[in-house]
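Listed below, chain by chain, are the residues.
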Amino acid sequence: MSTRVRSVIRVEGVVQGVGFRPFVYGLAVRLGLGGLVGNDERGVFIEVEGAPALVAEFTVALRTSPPPLATVERVSARAVPATGETGFAIARSTEGGTRRALVSPDVATCDDCLREMDDPADRRYGYAFVNCTNCGPRFTIVRDVPYDRPNTTMAGFAMCADCAREYHDPADRRFHAQPVCCPACGPRLRLLGRGGEPLAGDPVGEAVRLLRDGGVLAVKGLGGYHLAALASRESAVAALRARKHRQEKPFAVMVADLAGARLLCEVDEVEERLLTSGARPIVLLRERGEAASRVAPSVAPSDGWLGVMMPYTPLHHLLLRRLGEPVVLTSGNVSDEPIAYRDEDALTRLRGVADAFLLHDRPIHTRTDDSVSRVLRGRELPLRRSRGYAPRPLPLSLGLPRPVLACGAELKHTFCVARDTHAFVSHHIGDLENYETFRSFTEGVEHFLRLFDVVPELVAHDLHPEYMSTKYALALEGAELVGVQHHHAHIASCLADNGVTGPVVGVAFDGLGYGLDATLWGGEFLVADLVSFERAGHLATVPMPGGAAAVRQPWRMAAACLDVAYGGAVPEDLDVVRRNAASWDGVLALGRRGVNAPLTSSAGRLFDAVASVAGVRDVIGYEGQAAIEWERLADPVEKGHYGHRLTGSSPFVVHGADLVAAVAEDVRAGTEAGVVSARFHNTVARIVAEGCARVRETSGLSTVALSGGVFQNALLLVRAAALLEEDGFHVLTHGRVPPNDGGVSLGQAAVAAARDNHR
Ligand SMILES: [Zn+2]
Ligand SMILES: [Zn+2]
């Protein structure tokens, strides 16, 4: 019985900055084992010694009961001779070697910390930076690995004696919590006026007063600055819109708690879990009728949906509690610029937008936008995966022979770094169309390569020669390039999202992506696995009169589609024709001549065309606006549909213009727009189902992957999936990365990895 064994254990996964060492320490002490635990570049190393049964129990517990924020991916152990050690210690972090540790995403303030913040007797009472091993900033403050205070933006704050005691006490909740701090030693709040001049008084109290007075407040958050205004005050929200030059895109609101969310919106169980999760995304919720009296019309001008989030930093909690009502919280930028995250930059760029600045002296290292999700079919559908999620690794089912950098697409851009069996999809970079976002991309790549110790040997990219991400990839030296077709990347991202490799029937419906035949694709039925794909069917091509202008002006797509459907004789009494009479003939001519009118099979453009024909929107203010409004208009009860035509084979062609004409006729007959919208959606769902059934006949495949930005459309996704399932298909949808172009980088990485395995 006196036999002792000693085991050297390595734990890999998200195990740093999540309270893993204290957990190991507590476990060892409880079991009476000797040894040590420490962080290094690969994760956590442990040596443990004692009775064989207890060492075994210890090893099992590492896997079965890790701390809540940890993700244990691998535990490996080997026996070494016992040394007689009986005490257990925490070793200093080591540096050098490879950096294989995984950095945790930022985590919303935990209940224990909130209790302290609310306790007048606690030394952190009312403190805006309270955090512990279980919560607080992580990814946004990490400069380098290993994850230790000197490698974070907390490096400049020396711990006071009280904080140091907690930090070094293995029994304390703050044991080795790197951002630990208190009012005596940590970051401090400041309130600055419009011109950056310090304002007197309690910063939170004065900020609350300013908001109540209808002012616009810039607030420094975890990943950047927000602009805040009282959600109930129309004049304040309207002022915010005007100053931000953001006319129509809905704002999100922050509520103090779940009860606050329920006052405004319907919240089901899954939505509740998402709202209160450590990631705290903005969750798209259905508005209740009563919301109208609590939220000004300018918050979300178009419809019955509202983006809602709960406080995720102590500062948010303090503000919302003192205020007692919801605030609009939108990214701190003007129009489409990236959000400001450096203090000097914020003070400059948001001057003229904010009436005051509530900020602090803890720097943000990586700009990270709020994440956005909705719940569909009982699970999360990410629309933007960023703060709270990035850089948590996504598992790849195929191991990577060589490390990959996937450069992503263009809009809603992300990139992805992958090695071994991990894909690290970046935070949301934005639309890669100006120098500022492009720099975020290139700096982000450098940061990720360093954090995750990757020297990419493969560089995956889109085929579009004009994407800045493609140009970046082509300019890199020393790596092998892997071009991945845009819609193949979408389907591959859905496969990787679901941990499968295919082959499947892939339905990729989106705005635009560069095709293999010099047309712009976007309504594609593919037979695809991770390695390759075949185009099995697609929407018939139509011209986009004016190119990019046809994206901003959906009525141009309406004109092009109607021209095709009516064989050049579009009825002149259609409202869409009347409304755009001045330019109608010119645009038709542009389409017919095919000059500056690229051909596209895009499903997104089809949605635009019908939304315009139905009178929803002739010109858009932001990407996807017409389609979003068109979807929300749909009468949920209407079960009718239009006819549709699929002709030819390999690839078959779906005659989308017919559908535009059917909508036009229904509108002309005076059918209510909500009914028309529902019939249109039902028809597209049937087209998806029939297209997949055709592909099954020739391929024998009975699994379908639905991807592309069009599948952010809840009505279409739910109805198409239902029809497919009725017909015996297994349906894959997104749950971890967005179906939109934010997921493309993961798909590119998965394709590059699969091809490399396949060599
Ligand atoms: Zn905490
Ligand atoms: Zn302190």
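Everything here concerns the structure above.
This is a predicted model, so every value here is computed, not measured.

1. Brief notes about the overall build of the protein chain
- The helix and strand inventory of the protein chain stands at 23 helices and 30 strands.
- Its C-alpha radius of gyration of 27 Å places the protein chain within 12% of the 27 Å reference for a compact globule of 759 residues.
- With the C-alpha coordinates aligned to their principal axes, the bounding extent of the protein chain is approximately 90 × 65 × 50 Å.
- For the protein chain, buried positions account for 60% of its 759 residues.
- Roughly 27600 Å² of accessible area belongs to the protein chain as shown, and the carbon and sulfur atoms make up 51% of that amount.
- Distance between charge centroids for the protein chain: 3 Å, based on 80 positive and 90 negative side chains.

2. Concerning the pattern of salt bridges
- Considering all chains together, one arrives at 51 salt bridges under this definition.
- Residue Arg 124 is joined to Glu 166 by a salt bridge in which the shortest nitrogen-to-oxygen separation is 2.6 Å. With Arg 124 in the loop between α3 (111-118) and α4 (161-168) and Glu 166 in helix α4, this residue pair connects regions lying 42 residues apart in the sequence. We note that Arg 124, like Glu 166, is buried.
- Between Arg 439 and Glu 443 there is a salt bridge, with its nearest N and O atoms 3.6 Å apart. One end of the pair is Arg 439 and the other is Glu 443, both in helix α11 (residues 435-451) and four residues apart, which spans about a single turn.
- Looking at Arg 439, the relative accessible area reads 29%, which means it is partly exposed.

3. As for the pairing of strand β12 (residues 327-331)
- Across the five residues of β12, five count as buried, placing the element largely inside the fold.
- In this sheet, β12 lies alongside strand β8 (residues 225-230) in antiparallel orientation, the contact comprising five bridges. Paired with Leu 230 across the bridge in β12 is Val 327.
- In the sheet, strand β9 (residues 252-254) pairs with β12 via two bridges, with the strands oriented antiparallel.

4. Description of the sheet that holds strand β20 (residues 458-462)
- In spatial order, the strands read β16-β19-β18-β17-β20-β21; together these six strands make up an open sheet with mixed pairing. Only two strands of the sheet have a single neighbouring strand rather than two, namely β16 (394-395) and β21 (480-484).
- When strand β18 (residues 416-419) meets strand β19 (residues 422-425), the two strands line up antiparallel, connected through four bridges. What sits directly across from Ala 418, in β19, is Ala 423.
- Against the sheet, helix α23 (residues 744-758) engages β16, β17 (404-406), β18, β19, β20 and β21, with an angle of about 130° to β20.

5. What to know about the pairing of strand β15 (residues 379-384)
- Sheet topology places strand β14 (residues 372-376) next to β15; five bridges connect them, and they run antiparallel. What sits directly across from Ser 373, in β15, is Pro 382.
- The hairpin turn running from β14 into β15, its antiparallel successor, is two residues long, and Arg 377 in that turn takes a positive phi close to 50°.

6. Observations regarding the side chain of Arg 174
- In this fold, Arg 174 is placed in the loop between α4 and β6 (189-193).
- Setting aside residues no more than four positions away along its own chain, Arg 174 makes contact with Cys 113, Glu 116, Arg 124, Val 130, Asn 131, Cys 132, Thr 133, Glu 166, Tyr 167 and Val 180.

7. Overview of the packing of helix α5 (residues 203-212) against helix α9 (residues 314-323)
- Packing of α5 against α9 leaves a shortest axis separation of 10 Å and a crossing angle of 55°. As far as their axial angle goes, α9 and α5 are oblique. Between α5 and α9 lies a crossing whose hand is right-handed. For the pair α5 and α9, the contacting residues are Val 204, Gly 205, Ala 207, Val 208, Leu 211 and Arg 212 in the first and Leu 315, Leu 318, Leu 319, Arg 322 and Leu 323 in the second.
- Tallied by class, residues from the contact of α5 with α9 come to eight nonpolar, one polar and two charged.

8. Some thoughts on the coordination of the zinc ion (ligand 2)
- Distances from the zinc ion (ligand 2) to its protein donors, namely Cys 160 (SG), Cys 163 (SG), Cys 182 (SG) and Cys 185 (SG), fall within the range 2.2 to 2.4 Å.
- Coordination at the zinc ion (ligand 2) is tetrahedral, judged from the four donor atoms that bind it and the angles of 102 to 119° they form at the metal.
- Look at where the donors of the zinc ion (ligand 2) fall in the sequence and you get C-x2-C-x18-C-x2-C.
- For Cys 182, a relative accessible area of 2% translates into the label buried.

9. Some thoughts on the sheet that holds strand β13 (residues 356-360)
- Spatial ordering of the open sheet is given by β6-β13-β7-β8-β12-β9-β11-β10-β14-β15, a layout of 10 strands whose pairing is mixed. Because the sheet does not close on itself, it has two edges, and the strands there are β6 and β15. Taking each pair of neighbouring strands and ignoring which way they run, the sheet shows an average axis angle of 35°.

10. Things to note about the packing of helix α13 (residues 486-497) against α23
- Viewed as axis vectors pointing N to C, α13 and α23 meet at an angle of 85°, and their least axial separation amounts to 7 Å. By the criterion of interaxial angle, the relationship of α13 to α23 is roughly perpendicular. Counted together, His 486, His 488, Ala 489, His 490, Ala 492, Ser 493, Ala 496 and Asp 497 of α13 and Val 744, Leu 746, Gly 747, Gln 748, Ala 750, Val 751 and Arg 755 of α23 form the full contact between these two elements.
- For the contact of α13 with α23, the residue count by class is seven nonpolar, six polar and two charged.

11. Notes on the coordination of the zinc ion (ligand 1)
- The zinc ion (ligand 1) binds to the protein through Cys 110 (SG), Cys 113 (SG), Cys 132 (SG) and Cys 135 (SG), with metal-donor distances spanning 2.3 to 2.4 Å.
- Here the zinc ion (ligand 1) is ringed by four donor atoms whose angles at the metal span 103 to 120°, and the overall shape comes out tetrahedral.
- Read in sequence order, the donor residues for the zinc ion (ligand 1) give the motif C-x2-C-x18-C-x2-C. On the criterion of sequence distance, the pair formed by Cys 110 in the loop between β5 (88-90) and α3 and Cys 135 in the loop between α3 and α4 is long-range, its members being 25 residues apart.

12. Structural notes on the nonpolar core
- The biggest cluster of nonpolar side chains holds 167 residues, and the ones touching the most others in it are Phe 20, Ile 46, Phe 58 and Leu 62.
- Counting residues per element, this core draws most heavily on helix α21 (residues 673-699), which supplies nine residues.
- Ranked by size, the runner-up nonpolar core spans 43 residues in total, among them Leu 227, Ala 236, Ala 340 and Tyr 389.

13. A word on unusual backbone geometry
- Note that the residue after Val 145, namely Pro 146, is joined by a cis bond; omega there is 0°.
- By the secondary structure assignment, Pro 146 is in the loop between α3 and α4.
- Along the chain, Ala 390 connects to Pro 391 via a cis peptide bond; the corresponding omega equals 5°.
- Positive phi outside glycine occurs at Asp 453, with the angle close to 50°.
- As for its placement among the helices and strands, Asp 453 is situated in the loop between α11 and β20.
- Given the relative accessible area of 24%, Asp 453 is considered partly exposed.

14. Here we look at the packing of aromatic side chains
- For the structure shown, the criterion picks out 19 aromatic pairs.
- Taking the centre distance of 6.1 Å and the plane angle of 45° together, the rings of Tyr 25 and Phe 175 count as tilted. One end of the pair, Tyr 25, is in helix α1 (residues 20-31); the other, Phe 175, is in the loop between α4 and β6, with 150 residues separating them in the sequence.
- The class of Phe 175 is buried, set by a relative accessible area of 2%.
- Aromatic rings pair up to connect Phe 139, Phe 415, Phe 424, Phe 438, Phe 441, Phe 448, Phe 452 and Tyr 472 into one cluster.
- Over the ring of Tyr 312 we find Arg 387, and its NZ or CZ is 3.5 Å from the ring centre.
- Above the plane of the ring of Phe 652 lies Arg 694, whose end atom (NZ or CZ) is 5.9 Å from the centre.

Here is what the cut-offs are and how they apply
Residues numbered from 1 in each chain as written. Chains lettered and ligands numbered in written order. Predicted model: local features only at pLDDT ≥ 70, side-chain atom pairs only at ≥ 80, totals over all residues. Heavy atoms only, no water. Helix = DSSP H or I, 4+ residues; strand = E, 2+ residues; numbered from the N terminus. Rg over C-alpha atoms; globule rule 2.2 N^0.38 Å. Buried < 20%, exposed > 50% of the residue type's maximum accessible area, 1.4 Å probe, protein only. Areas by Shrake-Rupley, 256 points an atom, 1.4 Å probe, with all protein chains shown as cover. Lys, Arg positive; Asp, Glu negative; His and termini not counted. Charge placed at Lys NZ, Arg CZ, Asp CG, Glu CD. Salt bridge = Lys/Arg side-chain N within 4 Å of Asp/Glu carboxyl O. Pairing = 2+ DSSP bridges. Contact = heavy atoms within 4.5 Å. Axes fitted to C-alpha atoms, helices over the stretch in contact; angles between N-to-C directions. Parallel < 35°, antiparallel > 145°, perpendicular 65-115°, else oblique. Left-handed = near helix turned anticlockwise from the far one by under 90°. Nonpolar A, V, L, I, M, F, W, Y, C, P; charged D, E, K, R; others polar. Donors = N, O, S within 2.8 Å, 3.2 Å for Na, K, Ca; no water. Tetrahedral: all angles 85-135°; square planar, octahedral: opposite > 155°, others 65-115°. Core = buried A, V, L, I, M, F, W, Y, C linked by side-chain atoms within 4.5 Å. Phe/Tyr/Trp six-rings, centres within 6.5 Å; stacked < 30°, edge-to-face > 60°. Lys NZ or Arg CZ within 6 Å of the ring centre and 35° of its normal.

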